[in-house]
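Structural overview for review
Chain residues, written in single-letter form:
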Amino acid sequence: MADHTPTSAVKTVPKPLDQHLRDMADCIRFLSMDAVQQAKSGHPGAPMGMADIATILFKDFMQFDAADPHWFDRDRFVLSNGHASMLLYSLLYLTGFKDMTLDQLKRFRQIGSKTAGHPEYKHADGIETTTGPLGQGVANAVGFALAERIMNAEFGDDLCKHWTYVFMGDGCLMEGISEEAISMAGHYKLGHLIAFWDNNSITIDGPTRLSVSDTEIERFRASGWHVQEIDGHDTDAIRDAITAARAVTDKPSMIACRTIIGFGFPTKAGTEKAHSDAPGEEEIAGARKILGWDSPPFVIPEPLLREWREIGTKGRTARMAWADRVKAAPAELRSEFERRNDGKLPAGWQKAIAAARSEFIASGKELATRTAGGAVLDHLAAAIPELLGGSADLTARTTQRQRA
């Protein structure tokens, strides 16, 4: 893991290639710092560092419709570094998800609010999964991407073809669960999965060199990923990298984004003090001056808010076209597709358990529990085609039938 940590705070910010895009990203930055400051708790650094990446991703690539958050063929966005939750909450508010109101942002980390401080599934529409423990979101994203490819193989591009995007930090990659998930994604060639590493070389305790020396770029390459390295504040480089990643469909992609944690803070940017401290009124005032942001706390200029809201509606045409394709699909295919999406089990699936039980009784043999469990899974796999399972070096003992 390359350490590019500055020896002191970053007191200036690079000039943007496109000031308008910087302004759009600053909507995320200032909502995030204002919410954390009001709560006197939270993690402003990562949202401020990854705001440019999020802006390009949502503006130019993410396909979703804020008016229909549960549209099946939407793209999925996972925030594995869940402590950066204000980035996600800000995006949901800006793009017009109805239950993520400005009041909810102002109630960040308060009891009963939808903005709990780490994304919680079903607390608000647009939160695809709960991400608290670091690395968990990486594994969730791999699961989402695997599910998308399986559904695509069974139902075709017309009914299922979308992307999974995941943001992840240094802490996510330090957790063991991430290594298992990364390996699995490379092995299964999950080409519709794109991960963005917030390569800021800072942890809550200081520079990453205090705790880790891994070369993450080579780690992902060794696991069969397509890898790129970019400046995470260069909007052209971000756009080009995502375009290149989407063109590689036989490998998952990782984009290592060199960023400045707490981008815009006058004394804390680039240091651990931007990670999880409330910034303080003086620091926020300095950020407003550095970034040229004149709006008061929690106020987004109307032209910028209008443009963000338009981003939240741009997937509507695609959603309606998808709905028409579902309606036009052959009746049997459509019925099976809708059953799975509704979370319903096939009719008569319980007979599989009864059949396994009858076999056990007829054999009269004593069986190890895991062997018996494998036999039951074999019967269930035939009755429930969407059932997936796996184990480490125990496949023969837990299920005898494998899928090609």
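The sections below set out a description of the structure shown in this document. (Residues numbered from 1 in each chain as written. Predicted model: local features only at pLDDT ≥ 70, side-chain atom pairs only at ≥ 80, totals over all residues. Heavy atoms only, no water.)

Owing to its 3.6 residues per turn, the α-helix brings residues three or four apart onto one side. Under the 1.5 Å per step criterion, the end-to-end length of helix α2 (residues 45-60) is 24 Å for 16 residues, consistent within 8% with the ideal 22 Å. Helix geometry: α2 is bent most strongly at A51, by close to 50°. For α2, the tally of buried residues reaches 14 of 16 residues, placing the bulk of the element in the interior. (Helix = DSSP H or I, 4+ residues; strand = E, 2+ residues; numbered from the N terminus. Expected span 1.5 Å × (residues − 1). Bend = angle between axes of the 7 residues up to and from the residue. Buried < 20%, exposed > 50% of the residue type's maximum accessible area, 1.4 Å probe, protein only.)

At their nearest, the axes of helix α5 (residues 136-155) and helix α14 (residues 331-341) sit 11 Å apart, and the two run at 165° to each other. Taken as axis vectors, α5 and α14 run roughly antiparallel relative to one another. Seen from above, α5 lies across α14 with right-handed handedness. Every residue of α14 that contacts α5 at M151, E154 and F155 is listed here: L333, E336, F337, R340 and N341. Residue composition of the contact of α5 with α14, by class: four nonpolar, one polar and three charged. (Axes fitted to C-alpha atoms, helices over the stretch in contact; angles between N-to-C directions. Parallel < 35°, antiparallel > 145°, perpendicular 65-115°, else oblique. Left-handed = near helix turned anticlockwise from the far one by under 90°. Contact = heavy atoms within 4.5 Å. Nonpolar A, V, L, I, M, F, W, Y, C, P; charged D, E, K, R; others polar.)

With that out of the way, let us pick up the environment of Q38. With respect to the helices and strands, the residue Q38 is situated in helix α1 (residues 19-39). For Q38, the contacting residues outside a window of four places in its chain are K106 and F298.

We now examine the sheet that holds strand β2 (residues 164-168). Pairing within the open sheet is parallel, and its five strands lie in the order β1-β2-β3-β7-β6. Two strands lie at the open edges of the sheet, namely β1 (76-79) and β6 (226-231), each paired on one side alone. Going across the sheet, the axis of each strand differs from the next one's by a mean of 15°, ignoring polarity. In the sheet, β1 pairs with β2 via four bridges, with the strands oriented parallel. Residue pairing across strands places V78 opposite V166, the latter belonging to β2. Running at roughly 150° to β1, helix α3 (residues 85-94) makes contact with β1 and β2 of the sheet. (Pairing = 2+ DSSP bridges.)

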